[in-house]
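The chain contents come next:
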Amino acid sequence: MLTVRGISRSFGDHKVLDEVSFDVRPGRMTGFLGANGSGKTTTMRIVLGVLAAHGGSVSWQGTEVRPDNRPDFGYMPEERGLYPKMKVRDQITWLARLHGVDRETAQRNTDELLEDLELTGRAGDRLEELSLGNQQRVQIAAALVHDPDVLILDEPFSGLDPIAVETVLDVLRKRAANGVPVLFSSHQLAIVERLCDDVVIISKGRIAANGSREELRARHAGERYEIVVAEDAGWVRDVPGVTILDLDGPRAVFEAEPQQVLRAALDRGEVRSFTPVVPTLDEIFKEVI
Amino acid sequence: MARASFSQATWLVAEREMKTLFGTKGFWIGFAFTVVGLFALTVLPTVFGGDDPKVAVVGSASQAVQGKALDVREVGSVQEASDLVRADDVEAAIVPDGAGIKVLALNSPPNSVIRELVESPPVELLEASAVTSGQRSVTVIVFGLVFLMFGMGGAAIAQSTVTEKQTRIVEILVSTVPVRALLAGKILGHTILTLGQVVVLALAAPIALRVAGLGELLGVVAPALGWFIPFLMLGFVLISSMWAVAGALVSRQEDLGSTMGLVMIAVMGPYFGVQFFYENPAVLKVMSFVPFTAGVAMPVRLFAEQAKAWEAILSLGILAVTVVVILLVASRLYTGSLLQTGARVKLSKAWAPAE
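Computed from a prediction, not measured in an experiment: that's the story for all the values here.

A.B. asks: Sorry if this is basic, but what is going on with the sheet that holds strand β13 (residues 251-255) of chain A here?
C.D. replies: All names here are of chain A. Strand order in the open sheet made by the four strands is β12-β13-β11-β14, with antiparallel pairing throughout. Each end of this open sheet is capped by a strand with a single partner; those strands are β12 (243-248) and β14 (271-276). If you compare each strand with its neighbour and ignore which way they point, the axes differ by 15 degrees on average. Pairing of strand β11 (residues 224-229) with β14 involves five bridges; the strand directions are antiparallel.

A.B. asks: Explain the domain arrangement of chain A here, please?
C.D. replies: Residue and element names in this part refer to chain A. Domain annotation for chain A reports domain 1 (2-218) and domain 2 (222-288). Relative placement of domain 1 and domain 2: their C-alpha centres are 41 Å apart. Taken together, the 11 residues of domain 1 in the interface contact eight residues of domain 2. Considered class by class, the residues forming the side of domain 1 that touches domain 2 number eight nonpolar, one polar and two charged.

A.B. asks: Help me understand the UniProt feature "transmembrane region" (unreviewed entry) in chain B, please; the structure alone is not making it clear to me.
C.D. replies: Residue and element names in this part refer to chain B. Here the UniProt feature "transmembrane region" (unreviewed entry) sits at residues 26-48, 138-158, 187-207, 227-249, 261-278 and 316-334. Secondary structure across residues 261-278 divides into 94% helix and 0% strand, with the first and last C-alpha atoms of the span separated by 25 Å. A distance of 26 Å separates the end C-alpha atoms of residues 316-334, which is 100% helix and 0% strand.

A.B. asks: Is there a simple way to explain the nonpolar core in this structure?
C.D. replies: The nonpolar side chains of a soluble globular protein tend to be buried, and buried together. Core analysis: the biggest nonpolar cluster contains 147 residues, and A141(A), I152(A), A244(B) and V300(B) have the highest contact counts within it. Ranked by size, the runner-up nonpolar core spans 14 residues in total, among them V58(B), A61(B), L70(B) and V95(B).

A.B. asks: Could you clarify how one ought to interpret the pairing of β11(A) in this entry?
C.D. replies: For a regular strand, the rule is simple: side chains alternate between the two faces of the sheet. All names here are of chain A. Where burial is concerned, the two faces of β11 differ: the one with Y225, I227 and V229 is buried and the one with R224, E226 and V228 is not. Summarising the sheet, β11 and β13 pair through five bridges and their orientation is antiparallel. Considered in β13, the bridge of E226 is made with V253.

Definitions and limits used
- Sequence order as written defines residue numbering, which begins from 1 separately in each chain.
- The naming scheme follows written order: chains are lettered A onward, ligands numbered 1 onward.
- Owing to the predicted nature of the model, reporting of local features is limited to residues with pLDDT of at least 70; listing and counting of side-chain atom pairs is limited to 80 or more, with chain, interface and lining totals taken over all residues.
- Here, strands pair whenever DSSP counts at least two bridges between them.
- Under the scheme used here, helices are H or I runs from DSSP no shorter than 4 residues and strands are E runs no shorter than 2 residues, and both carry numbers assigned from the N terminus.
- Comment: axis = line fitted to C-alpha atoms, over the contacting stretch for helices; angle = value between 0 and 180 degrees taken between N-to-C directions.
- Domain borders in the structure are assigned automatically or taken from a domain database.
- The contact criterion used is a C-beta to C-beta distance within 7 Å, with each C-beta placed from the backbone.
- Charged means Asp, Glu, Lys or Arg here, nonpolar means Ala, Val, Leu, Ile, Met, Phe, Trp, Tyr, Cys or Pro, and polar covers whatever is left, Gly included.
- UniProt positions are given in the numbering used here, feature names are shortened, and annotations may be inferred rather than shown by experiment.
- Structurally, a nonpolar core is described as a collection of buried Ala, Val, Leu, Ile, Met, Phe, Trp, Tyr and Cys residues joined by way of C-beta atoms within 7 Å.
- Backbone-placed C-beta atoms define the burial measure: a residue is buried with 20 or more other C-beta atoms within 10 Å of its own, exposed with 12 or fewer, and partly exposed in between.

Below is the structure:
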């Protein structure tokens, strides 16, 4: 597990991070959400040791991370970067070797990844000859090729078309399933909603919400339910203690003690559905930041 | 998982730098140009300047030219000889004049012909040197040019550093290996490449001299060349660490010009300094101990047999110490500026301890 505790950082007088704490658990995809300038990239750079923190600590498996005992990170920076004139396969293999992987394993891993990312046909091309979407996939390969202990991905899905998103998702899920903690930032909430197990929301340098996706939803759900009956649902507003939020023919959304509404509905006739209303990540996000 | 050790990381970086440079046309064109240039400089003077001057000779004057290094053409009359001179077919005509001879030429005294005809007095040099002043000036030009060329070649380090900053791959690199390994790898890679080129040139030089018929010069050039190589290599490390810093201070290729100035001065300075002052032994002596100019000045002094071996070793020692100091300074500046993006990083900011 990667543990971030009380990290702060300023640039000049501007405090960018203020006591940021969260965990990235093994085998789980942790979504890191925040508006532009909220401190996502700074946090990731500090975790990687590229930038120094002005306080707080980062620990891996319970031990504080220092330059000499850093776990092997797979990193995808927000501002994409690879050598434009280097051939795709050479480049990925070279990066693997830089991480200490021996030549044979590096080549094998590279070929497997290029296969998984559907790039085998472009392996001999220079990076600059590829489309932006394909360059993005190469960037993913660069982050994964050395079988890292932890994955830190800054906006891995931006610039990808929906099919490419699926391809990349498959590759990332495979890693997470093998027990690798994955932290990725994104502003595409729909993707995060579908993909992540845990969510960390950062706002103006502070953690605004943090927990598993279900936990967060439950925490922000309140006493909100939706009922759909066969006939008109207008009677619901007359049940004592009910606040109607939305009423539309046979469908009503309300806040109240749910059982008495359900009982009343069953007394009146058929109930087609009765569900708690779970807020989307989008709603939670807007609520907390 | 095993991570790459410092030396492995350094070597991987060095290897990539070399492969990248090998893959560029500019590298090969530049190198071919140098080899061809070196041959041209040594061989061409012999090819063009080697022929004996042509003269027309009339009648009894032919006795005066016997055994002289002249290309003689005997003609029947003075008129015929003058026509040949006017037509520029010969440099001069040698005609009888009373008991002696007279030289006819077009518009200036034909010195090369006169030199052959007059009896030179015996000359004794008090400080004989195996090298003529002409050979010395060629050596100054060759050593200077080679130093200049490789020194400027180090700009590739600045370019490769800016490429990494500009594409932001530097973030991946820095999160993977120590910054010092990046710097060391770049310098190592380019130094090996330079050494390789110098070795090829050093092997080609004797061949060029033989072709030019200057084989006897070899005995003098070889030791100077032997000294030139360590001076050149240490000088290259010195300059390449400065190139690396010049690259790390900016974030875009377009801005590179603003930081390259100082390094260019460090490269061009020795070249021009030695070109201007090589005939002034006092200045040359000082320059042969100053780290930046020593690379050219000391081998030139050795070639001219003005310096002793201990002087060369001392100068090499000064250079080596300077290299270590500059490397330490460069390494700190490089680390301090590599991850700073945007405008050009000020030296003081690059030097400041990391926040």
